[in-house]
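Each chain, letter by letter, is given below.
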Amino acid sequence: MIKGQAAAGIALPPLPDDLRRQEAHAPVVEGEPVIAILARERQALDRANARQGRTTRFYDDLTSRFGTRR
């Protein structure tokens, strides 16, 4: 337990590893149709947006359990 946790009297759960991950851009392969590259980029964006949603739900769950929402 670290000093801040001891002072607060609570131990927060660890942030899931998935929520720390950065989403890479889709690879660009020379000679490949642009539409295929765009489709992969949109899939990457969908994954990033889903991760952001999970992060928000994780935070909202913490604030509701510990009563720290402003």
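Please refer to the structure higher up on the page.
None of the values given here were measured: they were computed from a predicted structure.

Colleague: Let's hear about the overall build of the protein chain: which residues, and what values?
Modeller: When its secondary structure is counted, the protein chain shows two helices and zero strands. Looking at the protein chain residue by residue over its 70 residues, the buried ones come to 11%. Here the protein chain has roughly 5,900 Å² of accessible surface; of this, 58% comes from carbon and sulfur atoms.

Colleague: A description of the pattern of salt bridges should follow, citing residues and the corresponding values.
Modeller: Opposite charge on two side chains makes pairing possible when the charged atoms of those side chains draw close. The final tally for this structure, using the stated rule, is seven salt bridges. Three or more residues are tied together by salt bridges with common partners; here these are Asp18, Arg21, Glu23, Arg47, Arg51 and Arg54.

Colleague: I'd like a rundown of the environment of Gly53, residues and numbers included.
Modeller: Along the polypeptide, Gly53 turns up in helix α2 (residues 34–66). Assessed through its relative accessible area of 22%, Gly53 is described here as partly exposed. C-alpha of Gly53 to C-alpha of Leu19: the two residues are 34 residues apart in sequence and 9.6 Å apart in space.

Colleague: Break down α2 for me, citing the residues and quoting the values.
Modeller: An α-helix turns once every 3.6 residues. As a result, residues three or four positions apart point the same way. With 33 residues, α2 should cover 48 Å at 1.5 Å per step; its first-to-last C-alpha distance of 48 Å lies within 8% of that length. Among the residues of α2, Ile37, Ala44, Arg51, Phe58, Leu62 and Thr63 are the ones counted as buried. Two residues or fewer past α2, Gly67 is found with a positive phi of approximately 65°.

Colleague: Kindly report on the side chain of Arg51, identifying the contributing residues and their values.
Modeller: With respect to the helices and strands, the residue Arg51 is situated in helix α2. Judged by its relative accessible area of 4%, Arg51 is buried.

Colleague: Account for the environment of Leu19, with residues named and values stated.
Modeller: For Leu19, the position within the fold is in the loop between α1 (3–8) and α2. Sequence separation of Leu19 and Phe58 is 39 residues, and the distance between their C-alpha atoms is 9.3 Å. Excluding residues that lie within four positions of it along the chain, Leu19 makes contacts with Arg51, Arg54, Thr55 and Phe58.

Conventions we followed
- Residues numbered from 1 in each chain as written.
- Predicted model: local features only at pLDDT ≥ 70, side-chain atom pairs only at ≥ 80, totals over all residues.
- Heavy atoms only, no water.
- Helix = DSSP H or I, 4+ residues; strand = E, 2+ residues; numbered from the N terminus.
- Buried < 20%, exposed > 50% of the residue type's maximum accessible area, 1.4 Å probe, protein only.
- Areas by Shrake-Rupley, 256 points an atom, 1.4 Å probe, with all protein chains shown as cover.
- Salt bridge = Lys/Arg side-chain N within 4 Å of Asp/Glu carboxyl O.
- Expected span 1.5 Å × (residues − 1).
- Contact = heavy atoms within 4.5 Å.

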